[in-house]
Amino acid sequence: MQMRGLLFFALFSLMWTSSGAQDQGLIDKLQKGGLNIFIRHAITPGQDPIKVNPPTDRPFDCSVGSRQLSKEGREQSKRIARRIKELHIPIGDVYSSTFCRCEETAKLAFDQYTLTKWLIVRPGVFNPELDSALKSVPTQGLLNKTPSRKNNVYVGHGVTLTQGVLSNDFGLSESKIFLEEGEAVLFEPGDRPRMLGKIKLY
């Protein structure tokens, strides 16, 4: 029993070390800037991966009838804000879906953001706008194309990411890009963009 316990501890330590090392590598890249970050909105009521949207759930609607962040989701969003500040991660432009749960995540985590309809998609429909955004190098503006050395952020839904990056350019399968609520995935921009990995900044 003692040997089995030691073996389990050793395996657990190895897994934790590998995960920690991977996260540190991604943090190093984030601190250098120039990446695109997709974040699934923070925690909402229900059990992942099955989340049920009420029939009254609509864009631009934060009334009782919409699916909103839970108390845990609001706290998670605030932790994201604190973590980004602690790690000195430079943030450029932030874009959010117009659904309340995404907007509130963007507001609590990043403060300033732009609402955009193209971060809402229908299942099974390819999203060329997000595909294009994740390939683009974050710059200092629409006219000034000098790289900003900051990271652009896109706050959306799980299906937004799925339908936005299933093109041949990314070479990803749906199973590889499932995100938990509040989890982020990093993309290195370019004509042949690369998914660097998932990270939990909370």
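Keep in mind that what you see is a predicted model, and the values were worked out from it rather than measured. (Residues numbered from 1 in each chain as written. Predicted model: local features only at pLDDT ≥ 70, side-chain atom pairs only at ≥ 80, totals over all residues. Heavy atoms only, no water.)

1. What about the sheet that holds strand 4 (residues 151–156)?
Phase 1 of the analysis: The sheet built from six strands is open, its strands ordered 3-2-4-1-5-6 with mixed pairing. The two strands at the open ends of the sheet, each matched to only one other strand, are strand 3 (114–115) and strand 6 (194–199).
Phase 2 of the analysis: Note: strand 1 (residues 36–40) against strand 4, five bridges, orientation parallel. Residue pairing across strands places R40 opposite G156, the latter belonging to strand 4. (Pairing = 2+ DSSP bridges. Helix = DSSP H or I, 4+ residues; strand = E, 2+ residues; numbered from the N terminus.)

2. Things to note about unusual backbone geometry
A negative phi angle is the norm for most residues apart from glycine, just as the trans form is the norm for most peptide bonds.
Phase 1 of the analysis: If you check the backbone angles, D111 has positive phi at about 75 degrees while not being a glycine.
Phase 2 of the analysis: Summarising the element assignment, D111 is placed in the loop between helix 3 (100–110) and strand 3.
Phase 3 of the analysis: Exposure remark for D111: the relative accessible area of 56% places this residue in the exposed category.
Phase 4 of the analysis: We note that R149 has phi near 60 degrees; this positive angle belongs to a residue other than glycine. (Buried < 20%, exposed > 50% of the residue type's maximum accessible area, 1.4 Å probe, protein only.)

3. Describing the side chain of D57
Phase 1 of the analysis: Within the element layout of this structure, D57 appears in the loop between strand 1 and helix 2 (71–86).
Phase 2 of the analysis: Looking at D57, the relative accessible area reads 12%, which means it is buried.
Phase 3 of the analysis: If sequence neighbours within four positions are ignored, D57 has contacts with G65, S66, R67, F99 and R101. (Contact = heavy atoms within 4.5 Å.)

4. Quick notes on the nonpolar core
Phase 1 of the analysis: In terms of nonpolar packing, the biggest core is built from 22 residues, with L30, I37, F110, V153, L186, I199 and L201 touching the most fellow members.
Phase 2 of the analysis: Considering each element in turn, this core owes the most residues, four residues, to helix 3.
Phase 3 of the analysis: If we ignore the near neighbours within four places in the chain, the residues touching F110 are I39, I80, I84, I91, V94, T105, V153 and V155.
Phase 4 of the analysis: Of all hydrophobic cores here, the second largest spans twelve residues; its members include L119, L161, L179 and F187. (Core = buried A, V, L, I, M, F, W, Y, C linked by side-chain atoms within 4.5 Å.)

5. Concerning the environment of D61
Phase 1 of the analysis: Looking at where D61 falls in the secondary structure, it is placed in the loop between strand 1 and helix 2.
Phase 2 of the analysis: Setting aside residues no more than four positions away along its own chain, D61 makes contact with T56, S66 and C100.
Phase 3 of the analysis: Of note is the side chain of D61, whose polar atom sits 2.7 Å from the side chain of S63. (Polar contact = N/O pair within 3.5 Å; in protein donor to acceptor, adjacent residues only side chain to side chain.)

6. A short note on the packing of helix 2 against helix 3
For any two helices packed against each other, one specifies the inter-axial angle together with the distance between the axes.
Phase 1 of the analysis: Relative to each other, helix 2 and helix 3 sit at 35 degrees, their axes nearing to 7 Å. At the point where helix 2 passes helix 3, the crossing takes the right-handed sense. Where helix 2 approaches helix 3, its residues R74, S77, K78, I80, A81 and I84 are matched on the opposing element by E104, T105, L108, A109 and F110.
Phase 2 of the analysis: Looking at the contact of helix 2 with helix 3, its residues break down into six nonpolar, two polar and three charged. (Axes fitted to C-alpha atoms, helices over the stretch in contact; angles between N-to-C directions. Left-handed = near helix turned anticlockwise from the far one by under 90°. Nonpolar A, V, L, I, M, F, W, Y, C, P; charged D, E, K, R; others polar.)

7. So, the pairing of strand 4
Phase 1 of the analysis: Strand 4 sits mainly inside the fold: six of its six residues count as buried.
Phase 2 of the analysis: Alternating positions in strand 4 separate into two faces, N151, V153 and V155 on one and N152, Y154 and G156 on the other, with burial throughout.
Phase 3 of the analysis: Two elements, strand 2 (residues 91–96) and strand 4, share four bridges in a ladder whose sense is parallel. Paired with I91 across the two strands is N151, which belongs to strand 4.

8. Structural notes on the environment of V185
Phase 1 of the analysis: Along the chain, V185 turns up in strand 5 (residues 184–188).
Phase 2 of the analysis: When the C-alpha atoms of V185 and G197 are compared, they prove to be 5.7 Å apart, with twelve residues separating the residues in sequence.
Phase 3 of the analysis: Residues in contact with V185, not counting those within four places in the same chain, are N36, I37, F38, L161, L179, M195, G197 and K198.

9. Observations regarding the environment of S66
Phase 1 of the analysis: Position of S66 relative to the elements: it lies in the loop between strand 1 and helix 2.
Phase 2 of the analysis: Sequence separation between S66 and F99 is 33 residues, and the spatial gap between their C-alpha atoms is 8.5 Å.
Phase 3 of the analysis: Those residues within four positions of S66 in sequence are excluded, and the remaining contacts are P54, T56, D57, D61 and C100.
Phase 4 of the analysis: Here S63 takes part through its backbone oxygen, which lies 2.9 Å from a polar atom of the side chain of S66.

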